[in-house]
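Coordinate analysis (summary)
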Amino acid sequence: MGASSSTDNKESPEKREIESLAASTGALPLLQRSFSKLADSQTNTVSFQSFKQSFCLSYNTTTPEGNQKIPDSFPRLLEQLGSSLVDLFFVPEKGGGLSWVEFAKGYVKCCGRMSASMSFNTLLRVFHVTSKNAGLSSKLEFESDESDCKINGSISTTELLMFLWLCWTMSWDGRSTKSSDGELFLPDISHLVLSALVSCTESGDSLDVWDSADVFGLELELPIGKFLTWAVTTIPSITECLGHFCNSRLQHSLSVEDGSGPSKSTGGDDDSASKTSENVLLTCGRAWAISLACKNTINEEILSSCFPGNTDETNEHLLYRSKYHGKGMNRLWSNVQGYHAPVLVMVSAISAEDYEGSSTEKKWVIGAILQQGFENKDTFYGSSGTLFSISPVFHAFSSSGKEKNFVYSHLHPSGRVYDANPKPVGIGFGGTQGNERIFMDEDFSKITIRHHAVDKTYQPGSLFPNQGYLQAEALVLDVEAWALGGKKAKDVQEAYKKREELFTDQRRKIDLKTFTNWEDSPEKMMMDMMGNPNAPSARKEERGK
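Residues numbered from 1 in each chain as written. Predicted model: local features only at pLDDT ≥ 70, side-chain atom pairs only at ≥ 80, totals over all residues. Heavy atoms only, no water.

Our focus in this paragraph is helix α10 (residues 224-234). Within α10, burial applies to Ile224, Phe227, Leu228, Trp230, Ala231 and Thr234. The arc enclosing the buried residues of α10, seen along the axis, measures out at 165 degrees, which places them on a common side. Of the exposed residues in α10, the ones pointing more than 90 degrees away from its buried face are Thr229 and Thr233. (Buried < 20%, exposed > 50% of the residue type's maximum accessible area, 1.4 Å probe, protein only. Helix = DSSP H or I, 4+ residues; strand = E, 2+ residues; numbered from the N terminus. Arc of directions from axis to C-beta.)

Moving on: the nonpolar core. Ranked by internal contacts, the top residues of the largest apolar core, which has 105 residues, are Phe51, Phe163, Leu192, Ile238 and Ile290. Top element by residues in this core is helix α7 (residues 157-175). It accounts for eleven residues. Both domain 1 (22-253) and domain 2 (319-414 + 422-486) contribute no fewer than three residues apiece to this core. If near-sequence neighbours (up to four positions away) are discounted, Ile290 is found in contact with Leu282, Ile302, Leu344, Ile369, Phe388, Ile390 and Phe394. (Core = buried A, V, L, I, M, F, W, Y, C linked by side-chain atoms within 4.5 Å. Domains from an automatic or database assignment. Contact = heavy atoms within 4.5 Å.)

Position of Asn299 relative to the elements: it lies in helix α14 (residues 298-306). For Asn299, a relative accessible area of 4% corresponds to the buried category. For Asn299, the side chain forms a polar contact with the main-chain oxygen of Ser291, separated by 2.6 Å. When sequence neighbours within four positions are dropped, the list of residues in contact with Asn299 reads Ser237, Ser291 and Cys294. (Polar contact = N/O pair within 3.5 Å; in protein donor to acceptor, adjacent residues only side chain to side chain.)

Under the defined criterion, the tally for this structure stands at 20 aromatic pairs. Site record: aromatic cluster; members linked through ring pairs are Phe35, Phe51, Phe55, Phe90, Trp100, Phe103 and Phe245. One Lys or Arg, Arg321, reaches over the ring of Tyr324 and ends 5.1 Å from the middle of that ring. The lysine or arginine in question, Arg437, covers the ring of Phe397, its NZ or CZ lying 5.3 Å from the ring centre. (Phe/Tyr/Trp six-rings, centres within 6.5 Å; stacked < 30°, edge-to-face > 60°. Lys NZ or Arg CZ within 6 Å of the ring centre and 35° of its normal.)

See the structure below:
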């Protein structure tokens, strides 16, 4: 285990305190193994320059999703990220090495447990210092070196895009397990950028969000105070990228024979990432945005969709897609039945007037997370949930705590009987029965969106641009359901499906023994009674003779 070489008793309390703080993050064993691997056996310190080198990123190619344009300064930003982070948090001794205490202290300052505001301050400071070292101008001003200091200034549209991509890169490096030969995939995050612009700028309400390329060319300035408010409420989990990146770099150092060589960047399967983005509604960028809005175990499952190179099977979490399995409640139910774990539902739609006469396709995507999966009920159910406006502008609407009408999903009863007051058949979220905030009919052909005033279950906000107060109806283009419960929940569903198939096969089998004596069968007797009421008594008389 790594430890400081000093025998000064005054250092012991500091050492115990730092180790306790590092242990609270769960990274103490990793830090100890990494320090032991990197430390010089003579001085028991880690070479500062060697340590900086292990944090450097080097990508041969950078591939954006779609037609996005990568700012010319972004590669320089990546080159300076690792060294800037180490210089900012790790303090070497006079001899140019890192003692165990400084090694652990630097990690705690960067990735230790802290409040949300301090975490965002730390992340923005990393971006600010990295930008300066890359020769870029920055309008951010920190009043002190403390992690909870006040930040003044603003951030431009281009800086916002690079900041989000920098955070994605740290998450990509920290989570991807397959080498991509030095290739970096950058997802389409225009929905996140537009969300910040709409929420933080004075001209946000007048932006044409349907043309993101036009918006990015405006170079608007976002006041840092408003930006932080938006970030804390919309993407609270983005600060975790620092911890993932540091853990990845330390873990990688354990697999390198010596700590002096440059570390090779790792990434996911680029082709797989591109394929996932093109084929489904849940693109890498959208999955990442949804994961950033969640602060629970679901976050990890959604992230596995961001980095498809982690698995050998593309879209293995996809339970249902209307383009594959067909539209309608029955088709959905046959694919989600038996899955009793969190599910992400996504719906792509377009308003009828835009579909008929608009030259610009104004498609929008919304989503919802169901904590316990689907149930066939004629009442609302669920203990928690979240609604999402995903594209073209991203927003998350968590539970308000006032009501519990999280989800409604009802199929026609199998044995149809007359019902004077039939329950709606379809899927709904929020509001009340017959007046849901979101309702999709049983054929998945039409979706109805109502103003948030009808809903006390979820937080208020528009689900698509220019929603207005009136009820809006749109044509459903595609529906997806994604499994977020991990392998165990999927195995339970597979076992359930096998049992159902077995029962179905058994019910289909005909027992021929019941038809061996037709003359004595109840069916023959009933038919005789219908044709000749006196036939049964005549048959009895014949048998009595």
